[in-house]
There are 2 protein chains.
Amino acid sequence: MITGLDHIAIAVPDFDKAIKRFMEDFGLEFEGAEDVEAAQTSTAFFPLPPTSIELVHPLEGRGPIAKYLEKKGGGLHHICFRSDDIEADVARLKEKGYQFLSETPNPGAHDCLTIFIHPKCCDGVLIELNQPPADH
Amino acid sequence: MITGLDHIAIAVPDFDKAIKRFMEDFGLEFEGAEDVEAAQTSTAFFPLPPTSIELVHPLEGRGPIAKYLEKKGGGLHHICFRSDDIEADVARLKEKGYQFLSETPNPGAHDCLTIFIHPKCCDGVLIELNQPPADH
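Nothing here was measured: the structure is a model prediction, and the numbers come from that model.

Rules used throughout
- Residues numbered from 1 in each chain as written.
- Chains lettered and ligands numbered in written order.
- Predicted model: local features only at pLDDT ≥ 70, side-chain atom pairs only at ≥ 80, totals over all residues.
- Heavy atoms only, no water.
- Buried < 20%, exposed > 50% of the residue type's maximum accessible area, 1.4 Å probe, protein only.
- Helix = DSSP H or I, 4+ residues; strand = E, 2+ residues; numbered from the N terminus.
- Polar contact = N/O pair within 3.5 Å; in protein donor to acceptor, adjacent residues only side chain to side chain.
- Least-squares fit on C-alpha atoms with pLDDT ≥ 70 in both.
- Contact = heavy atoms within 4.5 Å.
- Pairing = 2+ DSSP bridges.

## So, helix α1 (residues 15-25) of chain B
Residue and element names in this part refer to chain B. Buried within α1 are the following residues: Phe15, Ala18, Ile19, Arg21, Phe22 and Asp25. A side-chain oxygen of the first residue of α1 lies 3.4 Å from the backbone nitrogen of Asp16; this N-cap is Asp14. Looking one or two places after α1, you find Gly27, whose phi comes out positive at around 75 degrees.

Following this line, the structure appears as structure tokens:
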């Protein structure tokens, strides 16, 4: 079941400048940055409990965020719903015809299991589902 | 001061189909729809407290959402930060060089005062600030 909005992700061309903007101009708390090697992405989190803003930036200039920035310069990249049983939610959505960007959920930031729904199934919106680790 | 993420808005080409998707496929609670004449926009809210998903669709086929849909087909349209003093936040951000889409905040959905920051100031992301009515 989907239990909440885990985060919204914003793709930014200048990681440090964007972190500074959300800290200093918007006054949000900066939780820290984390590189997600599997996704070739650097992430920076600003908690707005129980959700958060996640800045995403290409790790070493490569990967899907680099491609997104080349095309669009920056912007709202995806939203992520928190699931309490990601395997069950994926199975349920697959039955309804939803397509996913990977066969099964994979480890992502914050040790969550994570999977993306193909944006063509949701009016062009990239939607992630994640499930926090059991001890979270 | 910015106190939280009020909502994220998704522009959808088929209002009823999208409402059905978020209710039936994602299992979110549907709070109801509201037409915002001043913004030429129909809105539908799915609360995920203390934030919510807001679907936006052109009211009578006109206005800024119609233009967005013509260009992009659908997608993540904007995010909205909740402010406890919108006049002070606007003044502070103007001093830092931020530009806004209107001179002053205007009435929006849910009787909030609302103003949009120009997306060119935020890496292409349209950011709204709103302040709920005093008795909210």
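## Examining the relation of the copies chain A and chain B
For the match of chain A to chain B, the screw axis carries a shift of 0.0 Å, the RMSD comes to 0.0 Å, and the turn is 180 degrees. When the rotation and shift are considered jointly, the pair of chain copies conforms to a two-fold rotation axis. When C-alpha distances to the rotation axis are compared across chain A, the minimum falls at Leu76 of chain A, with a value of 3.1 Å. When the interface residues of chain A are mapped onto chain B, 100% of them are again interface residues, pointing to one common binding face.

## Some words on unusual backbone geometry
Between Pro49 of chain A and the following residue, Pro50 of chain A, the backbone shows a cis peptide bond with an omega angle of 5 degrees. Here Pro50 of chain A shows up in the loop between β3 (41-48) and β4 (51-58). Here Gln40 of chain B, not a glycine, exhibits a phi torsion of approximately 50 degrees, which is positive. Within the element layout of this structure, Gln40 of chain B appears in the loop between β2 (32-36) and β3 (41-48). Relative accessible area serves as the criterion here: at 31%, Gln40 of chain B is assigned to the partly exposed category. Unusually for a residue other than glycine, Asp111 of chain B sits at a positive phi of about 60 degrees. Following the sequence through the fold, Asp111 of chain B ends up in the loop between β6 (106-107) and β7 (113-117).

## Topic: the sheet that holds β4 of chain A
All names here are of chain A. On the basis of which strands lie adjacent, the open sheet formed by eight strands has the order β2-β3-β4-β1-β5-β8-β7-β6 and mixed pairing. Two strands bound the open sheet, and with one partner strand each, they are β2 (32-36) and β6 (106-107). Sheet analysis places strand β5 (residues 75-83) next to strand β8 (residues 127-131), joined by four bridges and oriented parallel. Looking at the pairing, Ile79 lines up with Ile127 of β8.

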